[in-house]
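Observations on the three-dimensional arrangement
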Amino acid sequence: MTDNAIDAVDLAYSYGDVRAVDGVSFSVAPGEILGFLGPNGAGKSTTIKMLTGQLTPQAGTVRILGMDQRRQREQIQARIGVCFEEKNLYESMSGKENLRFYASLFGIRNPDTDTLLRRVGLADRGKDRVAKYSKGMRQRLMMARTLVNSPDVLFLDEPTDGLDPVSAQSIRNLIRQEAERGAAVLLTTHDMHEADELSDRVAFINEGRLYTVDTPENLKLEYGQRSVKVRVRAGDGVEERTVALDDAAAGDTLKAAVASAGLMTIHTEEATLEHIFIEMTGRGLGG
Amino acid sequence: MSRPVSRATVVTAIVRKDLAEYASDRLWAFLTVMVLVVVIGMFWILPDNVNETITVGVSGLDQPGALADLEASEEGLVAVPFASADDLRAVVAGDADAWTVDGETVVVDRGSDASAPAGAEQADVSIGLAFPPDFIQSAAAGQTTQATVYVDAAVPDEIKGAMSSLVREIAFAVVGEDFPVDTTSPTEVFVVLGEDRVGNQASARDAFRPIFVFLILMMELFVMASLIAKEIQERTVTAVLVTPATVGDVLAAKGITGALSGLVQAVIVLVAIDSLSPHPVLILTLMLLGSVLISGTAMIVGSTGKDFMSTLFYGMAYMIPLLIPAFAALFPGTASAWVQVLPSYPLVRGLVDVTTYGAGWSETLPELAALFAWCVGLFGLGWIVLRRKVQTL
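Here is a short report on the structure shown in this document. Computed from a predicted structure; not experimentally measured.

**Topic: helix α7 (residues 204–233) of chain B**
Residues and elements named next belong to chain B.
- Over its 30 residues, α7 extends 43 Å from the first C-alpha to the last, a length consistent with the 44 Å expected when each residue adds 1.5 Å.
- At Pro 210, α7 shows its strongest bend, of approximately 30 degrees.
- Most of α7 sits inside the fold, with 25 of its 30 residues counted as buried.

Shown next as structure tokens:
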């Protein structure tokens, strides 16, 4: 028995001859956000379907909050929240009615829909039919629905997809709040900056196989360049220099640059998660 | 640790949601109310009696009371006296019209300018019996005599044959003793195959009742199929299935919603058309089974349809065969064997037997058993098809 909120061990699933997930293992601790990254068709959705009980793994085991997904499905479902990429809301019902219905499936009689709607910025639109909502509003209602049972484990599939920058940031804050509350979060996103910003650790999946699970910092240190790029004004132009941090003279070079009156910018040459993913898998995240 | 939610709570929540969705869908809500109003209105417009009279023109029977005896000899027979066989022949042939006034018959040639007498009623004579002037004397003496039967070409062969028998009966009624019958001729024996509804025919209201009920069930099929198809197409069902709700809960809820909406509408119609007697519990049982049957079909249709139009198309494709027994009930006689094997046949047959002919539980038991078997089969098939569809989303 572990204290992990999610334990996936050697998960495998095939659609006919196509191996969608092949021996995937990882864990997520309570209060941790794990960014689950991979291109379309990498096996993310199939993995999440197995974790959330929508698919039964053909091999391997899933334990959520210490419970076996095969044998304790109902107890698990009562304590998880899933935010789908597709906006699968009841369009003919209002935002409040959607939340009330999902709450009733958890046996919650009087859900605090007002608070939920306020948290996602829909306090004044709760009585409107979902059919009248914009794409961003639907996404925010999806997030509110995910939180209707105060879940201990959150599965979030592209939760900020289609949102304007301000709304996206409010959703990210919400995710952080949930993690601070103690909820484990499995987050899939195509937005590498978002993954970098939110995730305590990231997992790279491609062609059904998991390549790595580590903190973004460790990955950047391992795969990024230990160098700094310095830009100084030189006459009418701009001079750009790259300083290798492993070079013995790096300290003096940087001191001189900082002291220089023409210093414009100093940037670390940190690798992005996308670069690391491409380097590891030989494939981009876009497709 | 949160307490597990009960199955009943989950199913009830989904049923309430489905009913709310149904009620909020303006198109289906409008169509449902419209069909209810139309069905109830049409029922009361239709005649509730059956015209089983045969008007026969008679010439040559001048004995007082002979026509009254003739009418008394056969239920539904109306005898119209004619002065001559030629008049009778002309009327049956359609060359002249017969009008009755004060017990007298006036024949007016269709080609003439003469109009119908004041206060006269037209007699619809399509059969004529012309007796010879010495018919009564010959019959009384036991001598062979000849009567002529005129029939319109449109009169069915069965009626033509029946007229021969009627002549013999008339002879008996007039003479008061058995008419000499040639013993070498085969004695006429009527063998009624299937149900003998002679004198007990269904009125138009009774005949149309199964169709009306099926219109209601058809609405249930389309509404349920539409709700299911929408739930699948918009993937809302996948969001439901990551809660404590199981596939079984969703299917049970759909079945209950369908059966409930179908049953409630059918009861409204049956009450409005005064058709819940004489065995209300039996009729409600039949309707409940019918609703379950349709719910199972709706699950299949809803799983197959990819959009509104295809759901409508598949709905029609499944509904038409189910409607056939209801249309077959419009016509007298026993339904063909292939109609009897259709899933909806026991429902229609049961409804007709109970509402029109007052059959009780024991008489309807075979239909109930067959309908129950079909319900289990179709609902089970619908369950399997929908479960597969949901699991592959």
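**Some words on the sheet that holds strand β13 (residues 263–268) of chain A**
All names here are of chain A.
- A sheet is described by the order of its strands in space; here three strands give the open sequence β12-β11-β13, paired in antiparallel fashion. Strands at the two margins of the open sheet, each flanked by one partner only, are β12 (237–244) and β13. Across this sheet, the average inter-strand angle for adjacent strands is 15 degrees, counted without regard to direction.
- In the sheet, strand β11 (residues 227–234) pairs with β13 via five bridges, with the strands oriented antiparallel. Across the sheet, Lys 229 pairs through a bridge with His 267, a residue of β13.

**Here's the deal with the pattern of salt bridges**
- In this structure the tally under the stated criterion is 26 salt bridges over all chains.
- One salt bridge in this structure joins Glu 32 of chain A and Arg 201 of chain A, with 2.4 Å as the shortest N-O distance. Remark: Arg 201 of chain A occurs in strand β9 (residues 201–206) and Glu 32 of chain A occurs in the loop between β2 (18–28) and β3 (33–37); sequence separation between them is 169 residues.
- A salt bridge links Lys 229 of chain A to Glu 240 of chain A; the shortest N-O distance between them is 3.7 Å. Residue Lys 229 of chain A is located in strand β11, and its partner Glu 240 of chain A is located in strand β12; the two are separated by eleven residues in the primary sequence.
- Look at Lys 229 of chain A and you get partly exposed, because its relative accessible area is 22%.
- Salt bridges sharing partners connect three or more residues here, namely Lys 17, Asp 18, Glu 21, Lys 230, Glu 231 and Lys 254 of chain B.

**Remarks on the nonpolar core**
- With 140 residues, the main nonpolar core has Phe 26, Phe 155 and Leu 186 of chain A as its most contacted residues.
- Take this core: its biggest share by element is 16 residues, from α7 of chain B.
- Excluding anything up to four places from it in sequence, Phe 155 of chain A contacts Ile 6, Ile 48, Leu 51, Thr 52, Ile 64, Ile 80, Gly 81, Val 82, Cys 83 and Leu 186 of chain A.
- Residues Leu 70, Phe 135, Met 163 and Leu 166 of chain B belong to the second largest nonpolar core, which totals 15 residues.

**Side note on a nonpolar patch on the surface**
Residues and elements named next belong to chain B.
- A contiguous nonpolar surface patch, about 380 Å² in accessible area, is contributed by Leu 19, Ile 256, Leu 260, Val 264 and Ile 268.
- Considering each element in turn, the nonpolar patch owes the most residues, four residues, to helix α9 (residues 247–272).
- Inspection of the secondary structure puts Ile 268 in helix α9.

**Side note on the side chain of Ser 226 of chain B**
All names here are of chain B.
- Structurally, Ser 226 can be placed in helix α7.
- Classification of Ser 226 as buried rests on a relative accessible area of 14%.
- Here Trp 28 takes part through its side chain, which lies 3.1 Å from a polar atom of the side chain of Ser 226.
- Among residues more than four places away in sequence, those in contact with Ser 226 are Trp 28 and Thr 311.

**Observations regarding the environment of Glu 71 of chain B**
Residue and element names in this part refer to chain B.
- Relative to the helices and strands, Glu 71 is located in helix α3 (residues 66–73).
- Through-space distance from the C-alpha of Glu 71 to that of Ile 384 is 63 Å; in sequence the pair is 313 residues apart.
- Excluding anything up to four places from it in sequence, Glu 71 contacts Leu 77, Val 78 and Ala 79.

Cut-offs and rules
- Residues numbered from 1 in each chain as written.
- Chains lettered and ligands numbered in written order.
- Predicted model: local features only at pLDDT ≥ 70, side-chain atom pairs only at ≥ 80, totals over all residues.
- Heavy atoms only, no water.
- Helix = DSSP H or I, 4+ residues; strand = E, 2+ residues; numbered from the N terminus.
- Expected span 1.5 Å × (residues − 1).
- Bend = angle between axes of the 7 residues up to and from the residue.
- Buried < 20%, exposed > 50% of the residue type's maximum accessible area, 1.4 Å probe, protein only.
- Pairing = 2+ DSSP bridges.
- Axes fitted to C-alpha atoms, helices over the stretch in contact; angles between N-to-C directions.
- Salt bridge = Lys/Arg side-chain N within 4 Å of Asp/Glu carboxyl O.
- Core = buried A, V, L, I, M, F, W, Y, C linked by side-chain atoms within 4.5 Å.
- Contact = heavy atoms within 4.5 Å.
- Patch = residues over 30% accessible without salt bridge, like charges linked within 9 Å, V, L, I, M, F, W, Y side chains within 5 Å.
- Areas by Shrake-Rupley, 256 points an atom, 1.4 Å probe, with all protein chains shown as cover.
- Polar contact = N/O pair within 3.5 Å; in protein donor to acceptor, adjacent residues only side chain to side chain.

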